[in-house]
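# Fold and contact review
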Amino acid sequence: MDNKQRIVVIGAGMAGGRIVEEILKRDSSSFDISIIGAEACATYDRIQLSPVLAGEKSFDDIVTHSDAWYDANGVKTHFGYWVQSIDRVAKQVVLHDGQAIGYDHLILATGSDPIRLPLPGSDLQGVVAFRDLHDVDLMTKAANAGGEAVVIGGGLLGLEAAYGLAKRGMKSTVIHLVDVLMERQLDEAAGRLLEKALLERGVISVLSAQSEAIVGETHVEGLKLKDGRVIPASLLVMAVGIRPHVEPAKSAGLTVERGIVVDDQMRTSDPSIFAVGECVQHRGACYGLVAPIWDMCRTLADVLTGKNPDAAYYGSELATRLKVSGVDLYSAGQFGGGEGCEDIVFRDPGRGVYKRVVVKDNKLVGTVLFGEAADGAWYFDLIKKGESIADIRDTLIFGQAVTEALAGMDPNAAVAAWPDDTEVCGCNGVTKGAVVEAICGGADNLDKVRGCTKASASCGSCTGIVEQLLKVTLGDAFKAQTGPKPMCKCTDHGHAVVRKAIVEQQIKTIPDVMQAMKWTTPDGCSSCRPALNYYLLCAWPREYQDDPRSRFVNERNHANIQKDGTYSVVPRMWGGVTSAKELRAIADVCDKFDVPMVKVTGGQRLDLFGIKKADLPAVWADLNAAGMVSGHAYAKALRTVKTCVGSEWCRFGTQDSTGLGIKLEQDTWGSWMPHKFKMAVSGCPRNCAEATIKDFGIICVDSGYELHVGGNAGIHLRGTDLLCKVATEQEARDYSMAFVQLYREDAWYLERTAPWIERVGLEFVKTQLFDEETQADLKARFLESQAVFQVDPWAEHAPKSEPAKVFSPLADLRDGVSQETLKEQA
Amino acid sequence: MNANVTLNWIDVGAAIDIPYQGARRVDTDLGAIAVFRTVDNEYYAVMDKCPHKGGPLSEGIVHGRHIACPLHNWSFSLQTGEAVGADAGKGCTPTVPLKIENERIFLGMR
């Protein structure tokens, strides 16, 4: 026997699973934990039952703590058992089969029960609640038989049930007692929008309707209302609310009111017994949502493990989101109104948008969002912070983006007002305080701040903020950088100057550039070397010898490195079109090399993950043998040309978008560029290939082809600019090649087309491309470059007669590997 | 630790098998070792695991006597194994004794 304290958890639902996890997170060795659950299966996310019912998720998707998880963590499980009694004197829990489990601490996580209305006929077959997996099973089976479903209760749960059943093909009707759906969350206007949105999804709402009796012989046949109407039903779901499950706490003599009464440390009236979750009544409140469960479990785990013996739970702010696909509904905090509450409301019935925020004493206390709920988390954060919103009140209702953009009209003041703990750089977790401290410590320009804090050193999207902080902190001492920024710390020259020198002085190697431009380091750094390598191969395609040592790992190994050091491999699928032969070859590679995951990419190809570096050449050889080449998914180069099926199949297609996409890809694959480059061709203005967020996108129309440039998704979304419209495929291809070459020659390394066009202006691009001679020259230079670079790097490295040694380790000194074998290889 | 432990020098390959500004990996029971050759023809060896997120340093870009990790671009001194630049002080990858004799690379193992 060891001296571990014994913790017994009754209830293996969301609260039960969570408390075990929270305790183990803090202390995995001091406790001997047992968990008892009446459902015979592992812990799952009950909130996600609605998507399971709707067929949008499977049960496996929603398991949070599997049997294997409990096993691996040394937790004893008693699933399929229920508790007969709690013996507080002997400190043990007796199960229904008579076995007793002793405890030092007992945690009740018994959850809640659905309320069943005492209607006549409520014991008929086909009458169910919507609470656990068993209910979902019953409902799914009923739905498979078709017919009509009636759901009593137009709250969150009832509507999700009705939607799920409609989605499974039943005629679905919601019966609600009052005249507005979800009246606790919505006002009448929003309720009507919701009613309409649900009707479009096959759910009929019957409001102000009081149920009288469930009719049927042995099986439910319908629901009779007080007004005499009978609504036919082969399935009847009661979703009218929940009630804390207080057995066996009550029989054990604990203090129980509506729920099991607990103090701020989740302790019941017996100091050895605690309770968490929906079974709890804390400061008079019972909760039916998850956020409070998480809060309670954190508090209790802190207390029990001694991590923070004084931890306390003070109640939770609540937010809910309706899980009905395509219906965006979010509510948080108080929205019931009351004294001193003011409403700010935005309505756009045409778009089906309704937003309401509730303000009290200049603080945000609640919100309801319908149709556009993306700002929910932002509002909820404001509610929880409880700070004055007086300054942003006039734009509050328009959401975070507008409010912050408008607040940014005097950006320095806004930034100056931020508290020190505001995170400036999300990539590196740098706060405003840390940046200001660095500036005060002598970092008086952007590079120095980057050097000592890393703020804005990763994605760069917070560069502007860091510059504002420099201005605010240094005042007049701050001098905005004059002239172009240096390429990196190895030189004072900017990209443009270095590039010009390469071309004008005909410099053809990296060491010569560094010599000529007075580099301060012997061989540059990981930032300038790849840039110089690119500038040189772009300027001198036939003469420059590519330097693999100045390329990032992916371009050196022709695959994408993953966090665990393995690689992913993407073969090219021209225009996103593949064949049985290719798929078979890919499947064979997956089997042969134990590929753990195959993922369909956003660029219409397949990505094979988890490949060992040493296997890469063999993988390429197999793919090559089936006629596939590198997809350059790893490269600053042409990635994919996404297409729709166009006029070949689609009834809306105006041109052969697939065929054109394949031609574009054949024209441009293999060309190295300043950054990655994506294309797309859509067969009609419906734009299924999403051409307007690509570097070069084509939208086919009846009369020809619209050419778009400079779009990207990425950190800063940018839609394309329309370049021009052309009549023939050949013109479209000529423009694409000339555009690519202009970008290759003019953009700085790691500058995508979107920021490049913003920097040089669309007019510059148009002037160059619309001049026939310039366009022809660009295309000619592009073709010359392609003559050199359109080579499959995989075929170059794939093993032919001898193994590709550089992809294998230099030596293997692990036990069991014979040194003799190594010498033979050497 | 006994400071007088004699090193067991193990031949892991030919010096020319590592390109200038390049690296190769050597697998051992204690984890992989990255062996580097700088632009000035100096050889170094460190454990092939970035202290940040475990990235394979042998796949990074060698510059001067430094290596930039391929995953998040942390830079390390090949002489001391310490992180340098923006990430100085945040971590260190252990160095491994190395000598070149008769154009062969030897790693000093305990």
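Residues numbered from 1 in each chain as written. Chains lettered and ligands numbered in written order. Predicted model: local features only at pLDDT ≥ 70, side-chain atom pairs only at ≥ 80, totals over all residues.

- In the annotation of an unreviewed UniProt entry, chain B is listed under the name Nitrite reductase and assigned to Asticcacaulis endophyticus.

- Taking an unreviewed UniProt entry as the reference, chain A is identified by name as Nitrite reductase large subunit belonging to Asticcacaulis endophyticus.
- A UniProt comment under Pathway (unreviewed entry) is attached to chain A, and it reads "Nitrogen metabolism; nitrate reduction (assimilation)."
- Comment text from UniProt for chain A, heading Sequence similarities (unreviewed entry), reads "Belongs to the nitrite and sulfite reductase 4Fe-4S domain family." (UniProt positions renumbered as here; feature names shortened; annotations may be inferred.)

## Digging into the overall build of chain A
- For chain A, the count of helices and strands is 27 helices and 39 strands.
- The buried share of chain A, taken over its 826 residues, is 43%.
- In chain A, of all internal contacts separated by at least 6 residues, the share reaching a separation of at least 24 is 61%. (Helix = DSSP H or I, 4+ residues; strand = E, 2+ residues; numbered from the N terminus. Buried ≥ 20, exposed ≤ 12 C-beta atoms within 10 Å, placed from the backbone. Contact = placed C-beta atoms within 7 Å.)

## Some thoughts on the overall build of chain B
- A count of helical and extended segments in chain B gives 0 helices and 10 strands.
- In chain B, the order of α-helices and β-strands from amino to carboxyl end is β-β-β-β-β-β-β-β-β-β.
- Looking at chain B as a whole, 46% of its 110 residues qualify as buried.
- Looking at chain B alone, contacts between residues at least 24 apart form 40% of all its contacts between residues at least 6 apart.

## A few points about the interface of chain A and chain B
- Taken together, the contacts link 26 residues of chain A with 33 residues of chain B.
- Contributing elements (two or more residues each) for the side of chain A that touches chain B: α13 (446-453) and β39 (811-812) of chain A.
- Residue contributions to the side of chain A that touches chain B peak at 3 residues, all from α13(A).
- Grouping the constituent residues of the side of chain A that touches chain B by class yields 12 nonpolar, 5 polar and 9 charged.
- In this structure, β39(A) lies alongside strand β2 (residues 22-27) of chain B, joined through 2 bridges in parallel fashion. Residue Asp812(A) lies in a different strand from β2(B), and its bridge partner there is Asp27(B). (Nonpolar A, V, L, I, M, F, W, Y, C, P; charged D, E, K, R; others polar. Pairing = 2+ DSSP bridges.)

## Comments concerning the pairing of strand β32 (residues 597-600) of chain A
Residues and elements named next belong to chain A.
- With 4 bridges connecting them, β32 and strand β33 (residues 606-611) associate as antiparallel partners. Across the sheet, the residue bridging to Val600 is Leu606, located in β33.
- Counting the residues that bridge the hairpin from β32 to β33 gives 5 residues, and of these Gln604 lies at a positive phi of roughly 65°.

## Concerning the sheet that holds strand β17 (residues 230-232) of chain A
All names here are of chain A.
- Strand order in this open sheet of 3 strands is β15-β16-β17, and the pairing throughout is antiparallel. Of all the strands in the sheet, just β15 (211-216) and β17 have a single pairing partner and so form its edges. Averaged over all adjacent pairs, the angle separating strand axes in this sheet is 25°, with direction ignored.
- Of the pairings in the sheet, the one linking β15 to strand β16 (residues 220-225) comprises 5 bridges and is antiparallel in character. (Axes fitted to C-alpha atoms, helices over the stretch in contact; angles between N-to-C directions.)

## As for the environment of Ala189(A)
Residue and element names in this part refer to chain A.
- Tracing the chain through its elements places Ala189 in helix α7 (residues 188-200).
- Take Ala189: there are 15 C-beta atoms within 10 Å of it, and that puts it in the partly exposed class.
- In this structure the C-alpha to C-alpha distance between Ala189 and Arg347, which are 158 residues apart in sequence, comes to 8.7 Å.
- For Ala189, the contacting residues outside a window of four places in its chain are Arg347 and Tyr354.

## Quick notes on the environment of Glu729(A)
- Relative to the assigned elements, Glu729(A) resides in helix α22 (residues 729-746).
- Sequence separation of Glu729(A) and Tyr705(A) is 24 residues, and the distance between their C-alpha atoms is 7.7 Å.

## A few points about the pairing of strand β25 (residues 341-348) of chain A
Residue and element names in this part refer to chain A.
- Where β25 meets strand β26 (residues 353-360), 8 bridges bridge the pair, whose relative direction is antiparallel. Opposite Val345, over in β26, you have Arg356 as the bridge partner.
- Counted between consecutive antiparallel strands, the loop separating β25 from β26 contains 4 residues, among which Gly352 sits at a positive phi close to 70°.

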